[in-house]
Amino acid sequence: MSLEIKNDFGQIDISNDVIAQIAGGAAIECYGVVGMASKHQIRDGLTDILRKENFAKGVVIRQTGEDLHIDMYIIVSYGTKISEVAYQVQSKVKYTVNKTLGMSVKSVNIFVHGVKVLTV
């Protein structure tokens, strides 16, 4: 499935994997986010943090009309306030996708799949 944008010059098709890479990259940059988790941890057999090339497994993109809805599955750092981390991820992803693709993001839903203790 892909996102279609039509303008005066023609049509642009953007894959959902590309949008997932953009959203996942923006989320990883936020303070308190350790990494992305798979949305189907049992089926995929992945209990670890997803690497950059697998961000699409932790992001679900849905399109309704002109609006995008993004579901993200993240792992947060122990000791951070989860509500603040989720708010920062929502803001950063919405801003980054809007500036990169020029599409309106209607909602960014955050699902925290785990808390990881970082050792020094």
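Preceding this section is the structure that the text describes.
Small disclaimer: the values here were computed from a predicted structure and weren't measured.

Visitor: Tell me about the nonpolar core, residues and numbers included.
Guide: Of all hydrophobic cores here, the largest spans 29 residues; its most connected members are V59, I70, M72, V89, V93 and V97. When residues of this core are traced back to their parent elements, those giving at least two are strand 1 (2-7), helix 1 (16-28), strand 3 (33-36), strand 4 (59-64), strand 5 (67-77), helix 3 (82-101) and strand 6 (104-116). What I70 contacts, discounting residues up to four positions off in sequence, is A23, V59, V60, I61, V93, V97, V105, S107, V108 and N109.

Visitor: Tell me about the environment of V105, residues and numbers included.
Guide: Mapped onto the elements, V105 comes out in strand 6. Separated by 38 residues in the primary sequence, V105 and D67 have C-alpha atoms spaced 5.6 Å apart. Dropping the residues within four chain positions of it, V105 is found in contact with L68, I70, K94 and V97.

Visitor: Go over the packing of aromatic side chains, please, and point to the residues and values.
Guide: Taken as a whole and judged by the stated rule, the model has 1 aromatic pair. Ring geometry for Y73 and F111: centres 4.9 Å apart, planes at 15 degrees, overall stacked. Here Y73, found in strand 5, pairs with F111, found in strand 6; they are 38 residues apart in sequence, far enough to count as distant. Note on Y73: relative accessible area 14%, which makes it buried.

Visitor: Run through the pattern of salt bridges, naming residues and quoting values.
Guide: Side-chain pairs of opposite charge can arise whenever the charged atoms involved come near each other. With the rule as written, the count across this model stands at 2 salt bridges. Here K92 ties to E29 by a salt bridge, and the two come within 3.1 Å at their closest N and O atoms. Here K92 is found in helix 3, whereas its partner E29 is found in the loop between helix 1 and strand 3, with 63 residues between them in sequence. A salt bridge links R62 to D71, with the nearest nitrogen and oxygen atoms 3.1 Å apart. With relative accessibility at 37%, the residue R62 sits in the partly exposed group.

Analysis parameters
Here the residue numbering is sequential within each chain, running from 1 through the sequence in written order. Reporting in this predicted model follows two pLDDT cut-offs: at least 70 for local features of residues, and 80 or more for side-chain atom pairs to be given and counted; totals over whole chains, interfaces and linings ignore these cut-offs and use all residues. As a rule here, side-chain values cover all heavy atoms of the structure and leave hydrogens and water aside. Residues belong to one nonpolar core when they are buried, are Ala, Val, Leu, Ile, Met, Phe, Trp, Tyr or Cys, and are joined through side-chain atoms within 4.5 Å. Only protein chains enter the calculation, and the probe is 1.4 Å; a residue is then buried if its accessible area is under 20% of its type maximum, exposed if over 50%, and partly exposed in between. A run of H or I in DSSP counts as a helix once it spans at least four residues, and a run of E counts as a strand once it spans at least two, with each numbered from the N terminus. The contact rule is simple, with two residues in contact once any of their heavy atoms fall within 4.5 Å. Only Phe, Tyr and Trp rings are paired, with Trp represented by its six-membered ring, and only when their centres lie within 6.5 Å; those with planes under 30 degrees apart are stacked, over 60 edge-to-face, the remainder tilted. Criterion for a salt bridge: a side-chain nitrogen of Lys or Arg within 4 Å of a carboxyl oxygen of Asp or Glu.

The quantities given are spatial measurements derived from coordinates; they are silent on function.
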